[in-house]
Amino acid sequence: MSLLADKSACLIGLPEYWDHVNALPVRTIFHSSVLDFLDDLSRSILSDIEAHKYPDVVAFAIWCRRSALTKQQAQYADGSIYLGRGLAFHVSPANVPIMFAYTLAIGLLAGNANIVRLPSRVFPQVDYLCGRIVALLTLRAHIALANHVICVRYDREAFDVTRFLSELCDVRVIWGGDSSVRQIREAPLRPGAFDVVFPNRYSIAVIQSEAWLNCADKKRHIRDFYNDTYLSDHASCSSPRLVLWVGERIEVARVSFWSLLEELVAERYEPVPAKAVSNLEVSYSIAARYSNATLCSKNSLVTRVWCDDIDADVLERDFAGGVFLETGAPTLDALARFLRRGCQTISYFGVSVDRLTTLLCETGARGGDRVVPMGRTLDFSLTWDGYDTIRTLSRKLDVIMAPGTTGEESRGELAR
């Protein structure tokens, strides 16, 4: 244990917790103690001026308010009893700093004790938020949760730490690229434990050209698209890589759309010179791969490649922030060829959501797990990549009542 502790740094919790954390009692889902803690964390962040330097931290604070979580809790009010599985070991992604907080919150809401591996790279918002969590867990109101929250940072090369934590857990939650997932899976789990994996994905925006041209508030919707893409520097799998234009006035709509986005990027985005180079590298390599591809933007921060006949393979490669593929078609049916297993989020503007979901069902698509309006791709949900995370990270009791008895009274006590 001392050797492992020397290779890691606990930002929340202590290494000595590791020996007994998998023996801690579990809770029911959405336990009142967890809701109280997350709500107090939200208040602590939103009332702090320093927090507003980190928009992603503020977004998390808004997400974990009690009022927001109780709305999501309603979908689990089916009379069933769900308990945590035990210990959840979370491996958070290296490129989305604040994801560690969402996966930790899910683990707590599902009734588990949690060990979270933080990104090995130091992000100021991660350190800030860990400090806020530590401060709350020392309070009498939340001390009972202290042993249920461990956040540790260590290098990817310290695989013996990953192996040790993997052997402890009841469920391992892996967020990251395909290569990271493969590497972590080399660490065996104990019998009965299992992985929940969130690997590389890609996302698509679908825009109806006539609807765009008829839109009275184009700038508001451009801000929505900017938030979907540039706030995360395209690091999030839910940020669209491909824009599929549908309709009969595609060329006119494209000119309007991209010119407004370029204006907004010039106004708000802080460019990094290296990104401009990587944008050009990615866009030229895509253009070279397809004979009918056209590099149609001279703006290094909004780099576009149009291709009449493109396949989903190119969407599964590594992208740079600010690079967009474009294609067009008269009808929405063209979307079907992109709905591979790797497709995560479909954002839409001016398109019927019923038509989108019908297309997913009729084509038997293996991809397309989320369908959201433009501007909502980064909104985190308890259902992600097709997983109902709360039900996946908890276990459902199979309860058969004897004739003439009721379980209503005991059910009410469980959440206290």
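Here's what I pulled together on the structure shown here. (Residues numbered from 1 in each chain as written. Predicted model: local features only at pLDDT ≥ 70, side-chain atom pairs only at ≥ 80, totals over all residues. Heavy atoms only, no water.)

### Brief notes about a nonpolar patch on the surface
A cluster of nonpolar residues, Leu397, Val399 and Met401, forms a patch on the protein surface that exposes about 230 Å² of accessible area. Turning to its location among the elements, valine 399 is positioned in the loop between strand S17 (394–396) and helix H15 (408–414). (Patch = residues over 30% accessible without salt bridge, like charges linked within 9 Å, V, L, I, M, F, W, Y side chains within 5 Å. Areas by Shrake-Rupley, 256 points an atom, 1.4 Å probe, with all protein chains shown as cover. Salt bridge = Lys/Arg side-chain N within 4 Å of Asp/Glu carboxyl O. Helix = DSSP H or I, 4+ residues; strand = E, 2+ residues; numbered from the N terminus.)

### Some remarks on the pattern of salt bridges
Counted according to the given criterion, the structure contains 18 salt bridges. The closest approach of N and O atoms between aspartate 170 and arginine 190, which form a salt bridge, is 2.1 Å. Here arginine 190 lies in the loop between helix H8 (178–185) and strand S7 (194–198) and aspartate 170 lies in the loop between helix H7 (159–168) and strand S6 (171–175), a separation of 20 residues in the sequence. Exposure remark for aspartate 170: the relative accessible area of 13% places this residue in the buried category. Here arginine 376 and aspartate 379 are joined by a salt bridge, their closest N and O atoms 2.3 Å apart. Of the residues examined, arginine 376 reaches a relative accessible area of 44% and is grouped as partly exposed. For aspartate 379, a relative accessible area of 33% gives the class partly exposed. Salt bridges linked by common partners bring Glu251, Arg254, Arg304 and Glu326 together as one network. (Buried < 20%, exposed > 50% of the residue type's maximum accessible area, 1.4 Å probe, protein only.)

### Details of the nonpolar core
Membership of the largest hydrophobic core comes to 55 residues, with the highest contact counts inside it found for Phe60, Trp63, Phe100, Leu109, Leu129, Ile133 and Ile390. Looking at which element gives the most residues to this core, the answer is helix H5 (residues 99–109), with nine residues. Ignoring sequence-local partners within four residues, the contact set of tryptophan 63 consists of Ala68, Leu69, Gln72, Tyr102, Ala105, Leu109, Phe380 and Leu382. With 32 residues, the next largest nonpolar core counts Leu244, Val282, Leu325 and Leu335 among its residues. (Core = buried A, V, L, I, M, F, W, Y, C linked by side-chain atoms within 4.5 Å. Contact = heavy atoms within 4.5 Å.)

### What to know about the environment of isoleucine 12
Mapped onto the fold, isoleucine 12 is located in strand S1 (residues 8–12). For isoleucine 12, a relative accessible area of 1% puts it in the buried group. Once the C-alpha coordinates of isoleucine 12 and valine 116 are considered, the two residues, 104 residues apart in sequence, prove to be 9.3 Å apart. Once you skip the residues sitting within four places of it in the chain, isoleucine 12 turns out to touch Cys130, Ile133, Val134, Leu137, Val149, Ile150 and Cys151.

### Looking at the environment of leucine 360
Within the secondary structure, leucine 360 sits in helix H13 (residues 353–362). Of the residues examined, leucine 360 reaches a relative accessible area of 15% and is grouped as buried. Distance in space between the C-alpha atoms of leucine 360 and leucine 335 is 9.3 Å, their sequence separation being 25 residues. With sequence-adjacent residues up to four places away left out, leucine 360 is seen in contact with Leu339, Ile346, Ala365, Gly367, Gly368 and Val371.

### A closer look at the packing of helix H2 (residues 32–46) against H5
Helices that pack against each other are described as a pair by the angle of their axes relative to one another and the distance between those axes. At a closest axis distance of 9 Å, the pairing of H2 and H5 adopts a crossing angle of 155°. Overall, the two elements H2 and H5 adopt an arrangement that is roughly antiparallel. Within the contact between the two elements, H2 uses Val34, Leu35, Phe37 and Leu38 and H5 uses Ala105, Leu108 and Leu109. Here the contact of H2 with H5 is built from residues that sort into seven nonpolar, no polar and no charged. (Axes fitted to C-alpha atoms, helices over the stretch in contact; angles between N-to-C directions. Parallel < 35°, antiparallel > 145°, perpendicular 65-115°, else oblique. Nonpolar A, V, L, I, M, F, W, Y, C, P; charged D, E, K, R; others polar.)

### Overview of the packing of helix H10 (residues 218–229) against helix H11 (residues 250–268)
In contact at an axis separation of 10 Å, H10 and H11 are set at 65° when each is read in the N-to-C sense. At the point where H10 passes H11, the crossing takes the right-handed sense. Between H10 and H11, the contacting residues are Lys218, Lys219, Ile222, Arg223, Phe225, Tyr226 and Asn227 on the first element and Ser256, Phe257, Trp258, Leu260, Leu261, Leu264, Val265 and Arg268 on the second. Of the residues that constitute the contact of H10 with H11, the class distribution is nine nonpolar, two polar and four charged. (Left-handed = near helix turned anticlockwise from the far one by under 90°.)

### Focus on H2
With 15 residues, H2 should cover 21 Å at 1.5 Å per step; its first-to-last C-alpha distance of 21 Å lies within 8% of that length. Taken residue by residue, H2 has Val34, Leu35, Phe37, Leu38, Asp39, Leu41, Ser42, Ser44 and Ile45 as its buried positions. The elements touched by buried residues of H2 are helix H3 (55–63), helix H4 (66–73), H5 and helix H6 (124–137). (Expected span 1.5 Å × (residues − 1).)

### Quick look at the pairing of S7
Across five bridges, S6 lies against S7 in parallel orientation. Residue pairing in the sheet places arginine 172 in a bridge with aspartate 195 of S7. (Pairing = 2+ DSSP bridges.)

### Structural notes on the packing of aromatic side chains
Throughout the structure, instances matching the rule amount to 22 aromatic pairs. Pairing tryptophan 63 with phenylalanine 380 gives two aromatic rings, centres 5.8 Å apart and planes at 70°, and the pair type is edge-to-face. Here tryptophan 63 is found in helix H3, whereas its partner phenylalanine 380 is found in the loop between strand S14 (370–373) and strand S15 (383–384), with 317 residues between them in sequence. Take tryptophan 63 and phenylalanine 380: they sit in the same class, and that class is buried. An angle of 70° between the planes, with centres 5.1 Å apart, marks the rings of tryptophan 212 and phenylalanine 257 as edge-to-face. Taken together, the residues tryptophan 212 in helix H9 (residues 209–213) and phenylalanine 257 in helix H11 connect sequence positions 45 residues apart. You can call tryptophan 212 buried: its relative accessible area is 0%. (Phe/Tyr/Trp six-rings, centres within 6.5 Å; stacked < 30°, edge-to-face > 60°.)

### Some details on the pairing of strand S8 (residues 202–208)
Taking burial as the measure, the seven residues of S8 include six buried ones, the bulk of the element. As paired strands, S8 and strand S13 (residues 343–349) are joined by five bridges and run parallel to one another. Bridge assignment links valine 206 to a residue of S13, and that residue is tyrosine 348. Where S8 meets strand S9 (residues 240–246), six bridges bridge the pair, whose relative direction is parallel.

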